[in-house]
Amino acid sequence: MMAASLKASFTLTKVSAGNTTRVAKNAFVGLRSLKVSALSVGDKMPDSSLSYFDNEGNMASLNIQEACAGKKVVLFAVPGAFTPTCSLKHLPGFVEKADEIKAKGVDMIGCVSVNDAFVMDAWGKTVDVGDKVMMLADGSGLFTKALGVELDLTDNGLGKRSRRYSMLVDDGEVKVLNLEEGGSFTFSGADEILSALE
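The structure displayed is predicted, hence computed values, not measured ones. (Residues numbered from 1 in each chain as written. Predicted model: local features only at pLDDT ≥ 70, side-chain atom pairs only at ≥ 80, totals over all residues. Heavy atoms only, no water.)

> Give me helix 2 (residues 84-103): which residues, what numbers.
The terminal C-alpha atoms of helix 2 lie 29 Å apart, and with 20 residues this matches the ideal 28 Å at 1.5 Å per residue to within 8%. Along helix 2, the sharpest kink reaches roughly 60 degrees, centred on Lys97. Every buried residue of helix 2 is listed here: Cys86, Ser87, His90, Leu91, Gly93, Phe94, Val95, Ala98 and Ile101. Just beyond helix 2, the residue with positive phi is Gly105, at close to 100 degrees. (Helix = DSSP H or I, 4+ residues; strand = E, 2+ residues; numbered from the N terminus. Expected span 1.5 Å × (residues − 1). Bend = angle between axes of the 7 residues up to and from the residue. Buried < 20%, exposed > 50% of the residue type's maximum accessible area, 1.4 Å probe, protein only.)

Structure follows, in structure tokens:
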């Protein structure tokens, strides 16, 4: 008879400035709740699309695989638009450092959240992102699920969201990944991406 729960070991990976740090964690997980492993360095971007509003105010769709093909792209995710840490630190940090990041050869910077495109557009205007950061909506969480970085905040009334992360993608392949535990904000900011680009 199979046990009702298994002791599983998983690894969180932080890559910055060419250094990889792996932190092993143990967790008890039920057999029916085993999840897809999270994205890691060397993985390719999934065939997923995100929504955004273009400069003319029209809602558009961005296929991530196509957007990253032959380009250097920085993507970072937040648990929710308009939330304190995301609004005061994470997004503004990338807006402030956008020119420096792009000067290192990055073609696009995108902010991803499991919110609809209307919310992401309004949030971007509030923070005054301009054309520095694309506000990318993962309304149904399909991109987040494909990456294996879902964050279950249903106990807080927030539903399924995304773990906080930042990544550097080169020609569709993840080269740098700073994946936080839950919504913590410790090493997924713009400064870490800049250091990795040195």
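> Describe the nonpolar core, with residues and values.
Leu91, Phe94, Ile101, Ile109, Cys111, Trp123 and Val133 are the most contacted members of the largest nonpolar core, which has 29 residues in total. Listing elements by their share of this core, those giving two or more residues are strand 5 (72-77), helix 2, strand 6 (108-113), helix 3 (117-127), strand 7 (134-137) and helix 5 (190-197). With 6 residues, helix 2 is the single largest residue contributor to this core. In this structure, Phe94 is in contact with Val74, Phe76, Ile101, Ile109, Val133, Ser166, Ser188, Gly189, Ala190 and Ile193, ignoring residues within four places of it in sequence. (Core = buried A, V, L, I, M, F, W, Y, C linked by side-chain atoms within 4.5 Å. Contact = heavy atoms within 4.5 Å.)

> Quick rundown of the packing of aromatic side chains? Include the residues and the values.
Tallied over the entire structure, the rule returns 3 aromatic pairs. On the basis of an interplanar angle of 10 degrees and a centroid distance of 4.0 Å, the ring pair of Phe76 and Phe94 is categorised as stacked. Here the residue Phe76 occupies a position in strand 5, and Phe94 occupies one in helix 2, the gap between them amounting to 18 residues. In this structure, Phe76 and Phe94 share a single accessibility class: buried. (Phe/Tyr/Trp six-rings, centres within 6.5 Å; stacked < 30°, edge-to-face > 60°.)

> Any details on the pattern of salt bridges? Residues and values, ideally.
For the structure on display, the rule yields 5 salt bridges. Close ionic contact of Lys97 with Asp191 constitutes a salt bridge, the shortest N to O distance being 3.6 Å. Of the two residues, Lys97 sits in helix 2 while Asp191 sits in helix 5, which places them 94 residues apart along the sequence. Note on Asp191: relative accessible area 46%, which makes it partly exposed. Across the pair Lys175 and Glu173 runs a salt bridge whose closest N-O atoms are separated by 3.3 Å. The class of Lys175 is partly exposed, set by a relative accessible area of 39%. (Salt bridge = Lys/Arg side-chain N within 4 Å of Asp/Glu carboxyl O.)

> Before we move on, could you go through the pairing of strand 3 (residues 49-53) and cite the residues and values that matter?
A regular strand places its side chains so that they alternate between the two faces of the sheet. Two elements, strand 3 and strand 4 (residues 59-63), share 5 bridges in a ladder whose sense is antiparallel. Within strand 4, the position partnered with Leu50 by the bridge is Leu62. Counted along the chain from strand 3 to the antiparallel partner strand 4, the turn is 5 residues long, and its residue Gly57 has a positive phi close to 85 degrees. (Pairing = 2+ DSSP bridges.)

> Which residues make up the pairing of strand 7, and what values do they have?
Pairing of strand 6 with strand 7, which is carried by 4 bridges, proceeds in the parallel orientation. What sits directly across from Ser113, in strand 7, is Ala137. Between strand 6 and its parallel partner strand 7, the chain crosses via helix 3, and the hand of that crossover is right-handed. (Right-handed = clockwise from strand over helix to strand, strands pointing away.)

> Quick rundown of the side chain of Arg163? Include the residues and the values.
If you trace the backbone, Arg163 turns up in the loop between strand 9 (160-162) and strand 10 (165-170). There is no salt bridge for the buried Arg163, and the closest opposite charge comes from Glu181, which lies 4.0 Å off by N-O distance. Side-chain polar atoms of Arg163 contact the backbone oxygen of Glu180, separated by 3.0 Å. (Lys, Arg positive; Asp, Glu negative; His and termini not counted. Polar contact = N/O pair within 3.5 Å; in protein donor to acceptor, adjacent residues only side chain to side chain.)

> Could you give me a rundown of the layout of surface pockets, with the residues and numbers involved?
Reported here for the second largest pocket is a volume of approximately 490 Å³. Elements supplying a minimum of two residues to the lining of the second largest pocket: strand 3, strand 6, helix 3 and strand 7. Ranked by residues supplied to the lining of the second largest pocket, first place goes to helix 3 with 5 residues. (1 Å grid on protein atoms, 1.4 Å probe; cavity = no way out; pocket = protein on both sides within 12 Å on 5 of 7 lines; lining within 4 Å. Points joined across faces, edges and corners; volume = space filled by probe spheres on them.)

> Describe the environment of Gly141, listing the residues and the values that go with them.
With respect to the helices, strands and loops of the structure, Gly141 is situated in the loop between strand 7 and helix 4 (142-147). Given a relative accessible area of 8%, Gly141 falls into the buried group. Here the alpha-carbon distance between Gly141 and Ser162, two residues 21 residues apart in the chain, equals 7.9 Å.

So far we have only geometry, and geometry alone does not tell us how the molecule works.
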